[in-house]
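Here is how the chains run, residue by residue.
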Amino acid sequence: MSLTRLLERLFQLVPVLLGVSVIVFVMMALTPGDPVQIMIGDQNVSPEQVEQMRRDLGLDRPVHERFFVFLGNAVQFDFGQSFYHRRPVADVIIERLPATIELTVVAMLIALVTAIPLGVLAAVKKNSFPDRIATVGSLLGVSLPGFWFGILLLMLFAVHLNLLPVAGRINFGVSQGITPYTHFLLIDTLLNGRLDAFRNALAHIILPAITLGLPMTAILMRVTRTSMLEVMRQDYVTFAEAKGLSRTRVIFRHALKNALIPTVSVAAIETGSLLGGNMIVETVFGWPGLGRLVVESIFVRNYPLVQAAVLFYAVVYVMLNFFADILYTVLNPRVKL
Amino acid sequence: MIRIHRILLASAVALGTGGPAVQAQELIVGFSRDADTLDPANHRNRETETIIRNLYDGILTRDSEMNIHPEIAESYTQVSPTVYEFKIRQGIRFHDGSEMTVEDVKFSLDRITVEGAMEGQTSPRRDLMGPVASVEIVGEDTIRVNLSEPWPLLPAMLPNQQVVSKAHVEAVGSDGMATQPMGTGPFRLIDWRRGDSVIMERFDDYYGGADGIPPVEAACVERVIFQVIPESASRVAALLSGDVHIINELPPHSINQVANNPGTEVMTVNGTRSFFIAMNNESEIFSDLRVRQAVAHAIDRDLIIDRILGGNAARIEGILSPDAFGKNQDLPVYEYDPERARALLAEAGYPDGIDVTIDTDGPQRDTAEAIAALLTNAGIRTQVVIGEGAMLTPKWRTEGAPKSGDMYLSSWGNGSLDPYDIFVPTHRSHDRGNSAGYANPELDALLDAAGIEVDRERRAEMYREAEAIVNADLPYVYLWVPQDIYGVSSRLSGWSPSPDSRINLHDACLD
Amino acid sequence: MSVAEQIPAPAPVADSIFRRNLRTFMENRLAFGSAIMVLLFVLMAIFAPLIAPHDPYATDLFRRLQPPAWMEGGDWAFPLGCDALGRDILSRIIYGARISIFIGAAVILVATTIGILAGLAAGYLRGWVDVVISRLVDILLGFPYLIFAIGLMAMMGPGLSNIILALAYKEWVIPCRVVRGETLVTRELEYVEAARALGASRWHIMRKEILPNILSPVIVVATIRMAHVIILEASLSFLGLGVQPPTASWGAMVADGRAFILESWWVSTFPGVAILLLVLAINVASQGLRDAFDPRFTE
């Protein structure tokens, strides 16, 4: 990976981000609904105060002017004030990020841990009964509406068995005295040597993470199976087998390592779609993440927040793709980008 | 008493097990929504106010029966139709230990009412304070609120505003106020985990709150947590599993389950939100009174209240809640009578019925569908259109501009239970919430006069007359005022729900 | 795309290969069975008025949340119980198949059509057309799917056609990428070169020479994505942006019924099971299709 190539890649970000900004802005501008009227609802207000509030929020200016102000400020990482929170949008978004990222990563890990063994098994026993079972089993996850599955899990584990909590990231009681080094609770609790708090955070994240990660299992399992089959037909594997190495040894020592490259790249790319798709799980489990906030913000026409958040998602998406490319080249030198 | 008992018990447990620190008494509220901000002057949101109200106290407050009590004020008097005087209690402390003075009280009110008082911006709550012209300090413990015109609502509206620390606001600015509260309330903020929870602990130097609402002492529980759980089924699940002790917005269909579950109970209180169907009075069909009457007679409100709202709603024949000031208790009733509805339609020139739509938002889907089925049954063939709330506002709250729909199932809140807040916006010509497009100069004049009438009985009589007018003109079909339903743990005592939907936890205890 | 680019495309003798592939597919009993099941669901949708025991829109508040027949308070006239307005859940599921399958099929039809046209143009014409289309695809991929759809629904307002558009506006990039990649490979093949040498028009080459040979992967992707779209529609319903009442889509039934799940589980569970069965069947069948018709993904 040469430096020019890297710069070229970063440069490709620009048209994507600009395009995303234009589309979001136009969409919000064409969407009916006045943030000030929504905010006031049925409380007392005079037309003068409505005008006043529109001025304070910058809504009195024409749309094209607002767009250029937004662009100019966005370049300097200033995304304006959130209408409702009355604080800088960047702050409001950053506060929600650790929860969203932690949930996404744990969900992806759960998916990988389930998908890889299933994929390997399916490939090794290709077209056998276990292969079919693994395929159908992994497909179960993509075949359910996530919120329904989440609520069913919640009923079973939180209400009937009363084993796991319903909502939130951690109980306040056990979280006291923990220094937030990273704001990722599973890491912070361990860094603080607080196993009780770690267990508590784990108990909170497990159901939402399973709900979010389950659909990913099918995709990753399929990728693992395919690439595993491909690798197993490669010359060096056949050669190793011919040399008399045991089949298991060949599979785990040689084939698996190479077969996992596509799985990991796909996982990296799909992490982006998990990150942008967790609003439903966040709602069901009262998880304080970004997705829920963005959806709420669309409904109440909190333009600055929606614009900034969508830009954030786009940056993450491009970065993850970039990362997956690098991963692919570094791990598999035969591929030239 | 309860507290002493509990402390003894707790210490006994702690000694007995020799374990770690005693688990703090922790009351958790499963709440539908996070606060937007913790700055009492910079929002327009009821849930935000509910949370803030436990950190900040007001000059006045309400008890759960909606009676008004002095809180930070010791007493108040109306000096003249446009001047109110408040004697401020001495010795109240902010959470940082500093003493609260009349300066702070004046500063708090100015911050809300003076244009540009918040670093150039104006508080979005300004209009909740009506015609407040100025606030002056007239002694060491007295302030005076001057109005630009008579406004009998001032005491009813003051509980919605809270007192902040002047020194603190000047130190942290408006941006800082959003996350760093400094009030005189029964609880102080420990942590606000955005989107997740607002965590507060008991403020031990609390002055005790309103004299009229005993017990007057520091809060009962040591810690209070508002845990955000937006999904209603999850909120109920959290209550049933014992994770939380109070939940708001318990859906009517979950009442039986919560009531039958050992360890949880249902609490209800008369709400203040009136539901109605706005009919587009400017449209050809609904400009005819007989058609509007047909709609009213076609809806079996008792059936819907009984089957869908679980019996937890009061039928209304005018816009006001049965508990509101000036409610007319003798309004004629539009009985359910589909035959009558058909006859009225035929009389209006629609013997074959009419085809119309009814707009509403997601939460009203069930009732809208039930209403549509009843209307269709009486020849008013109705199609339900569910719209996003933000989209219905520009369509139906047009401030006088023509409306483009037929009917709109909607509601208007009336937290103060004073008719002014609900009657004027929904019925005065061209006002914000006048979705029916109703225009009646006679009613406008009556409402204007009632708004500034200082004689209570005369004012009540004016609203009774106004209700009789709209009951006859029928710009809306008035439906019901639902109760607010809460689920609570049986361990909870000292708390009851309040019609203004606030959850004040000062006196709440857990056994 | 790198995987696709390395692999030779199928030979142009499409017909016999199609037959062979179809045979392979039918020999995979699990996949074939799933395809039959999808077919049964489609038949159920088509003949809904003949099968459904009740009018799916007839409300009866006295049957509100009536349990399924085998439970206390149930009634065999309403085998799966009733919903919040006393409507027969079984009849609504039977009618709901129409809406859910229609939404899935319509979105995929619109998206695949756009995707094929854009992908062919980008892959065959290259040049600025490719740059413009590829950039647009990049931009749309930068949007989280649901957030984009929610934004569009907010902009366009409610309604069945708007749901289809809101999903199709982003969905088309997926077939587009597949078609573009395949076209890039196919356009360099000898027989395409030959057609070009013979003076065939671009339009003719794209339509007659390239398209038939890249259709297999497109169909495979389309079936998998159709399953996904049915789930997405349920997600939109969850967020309050689903089909209009009294229409029943399975997604809307699950989403609206979830509020009752703690005490009246049947309201959302039966439509949820219906989604599960249909979507699982589509997925299993489409993987069988992929194995049979697009074997380079497996072998």
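Residues numbered from 1 in each chain as written. Chains lettered and ligands numbered in written order. Predicted model: local features only at pLDDT ≥ 70, side-chain atom pairs only at ≥ 80, totals over all residues.

1. What about the overall build of chain C?
- Each helix and strand counted, chain C has 13 helices and zero strands in total.
- Counting helices and strands in the order they occur from the N terminus, chain C gives α-α-α-α-α-α-α-α-α-α-α-α-α.
- A principal-axis box enclosing the C-alpha atoms of chain C has dimensions of 75 × 45 × 30 Å.
- Here chain C holds 299 residues, and the buried ones make up 55% of them. (Helix = DSSP H or I, 4+ residues; strand = E, 2+ residues; numbered from the N terminus. Buried ≥ 20, exposed ≤ 12 C-beta atoms within 10 Å, placed from the backbone.)

2. Topic: the interface of chain A and chain C
- Counting residues at the interface gives 37 residues for chain A and 40 residues for chain C.
- Broken down by element, the residue count for the side of chain A that touches chain C peaks at seven residues, all from helix α1 (residues 3-30) of chain A.
- Considered class by class, the residues forming the side of chain A that touches chain C number 28 nonpolar, eight polar and one charged. (Contact = placed C-beta atoms within 7 Å. Nonpolar A, V, L, I, M, F, W, Y, C, P; charged D, E, K, R; others polar.)

3. A word on the pairing of strand β7 (residues 142-147) of chain B
Residue and element names in this part refer to chain B.
- Side-chain alternation along β7 places Ile143, Val145 and Leu147 on a buried face and Thr142, Arg144 and Asn146 on a face that remains uncovered.
- Bridge analysis of strand β5 (residues 83-88) against β7 gives five bridges, and the strand direction is antiparallel. The residue of β7 that forms the bridge with Lys87 is Thr142.
- Where strand β6 (residues 132-139) meets β7, six bridges bridge the pair, whose relative direction is antiparallel. Pairing of Glu136 across the sheet is with Arg144, part of β7.
- Hairpin connection, β6 to β7: the antiparallel pair is bridged by two residues. (Pairing = 2+ DSSP bridges.)

4. Some remarks on helix α8 (residues 289-298) of chain B
Residue and element names in this part refer to chain B.
- Within α8, eight of the ten residues are buried, leaving the element largely enclosed by the surrounding structure.
- Of all the positions in α8, only Val291, Arg292, Gln293, Ala294, Val295, Ala296, His297 and Ala298 are classed as buried.
- Where α8 is buried, its residues contact β13 (273-279), α10 (338-347), α11 (365-377), β16 (380-386) and β18 (476-489).

5. Notes on the nonpolar core
- Core analysis: the largest hydrophobic core is formed by 347 residues, its most contacted members being Ala237, Ile277 and Val295 of chain B together with Ile150 of chain C.
- Not counting residues within four places of it along the chain, the set of residues in contact with Ile150 of chain C comprises Val295 and Ile298 of chain A together with Leu239 and Leu241 of chain C. (Core = buried A, V, L, I, M, F, W, Y, C linked by C-beta atoms within 7 Å.)

6. Details of the sheet that holds strand β4 (residues 73-80) of chain B
Residues and elements named next belong to chain B.
- A sheet is described by the order of its strands in space; here four strands give the open sequence β4-β5-β7-β6, paired in antiparallel fashion. Single-partner strands in this sheet number two, and they are β4 and β6. Adjacent strand axes in the sheet meet at a mean angle of 20°, parallel and antiparallel pairs treated alike.
- Each of β5, β6 and β7 is contacted by helix α3 (residues 102-113), which is oriented at about 170° to β6, the strand it contacts most. (Axes fitted to C-alpha atoms, helices over the stretch in contact; angles between N-to-C directions.)

7. Notes on the interface of chain B and chain A
- Counting from both sides, the interface comprises 47 residues of chain B and, opposite them, 45 residues of chain A.
- Where the side of chain B that touches chain A is concerned, the elements lending two or more residues are β9 (197-202), β10 (223-228), α6 (232-240), α12 (389-396), β17 (407-413) and α13 (420-427) of chain B.
- Of the residues forming the side of chain B that touches chain A, the biggest block, five residues, is contributed by α6 of chain B.

None of this, on its own, says anything about what the molecule does.
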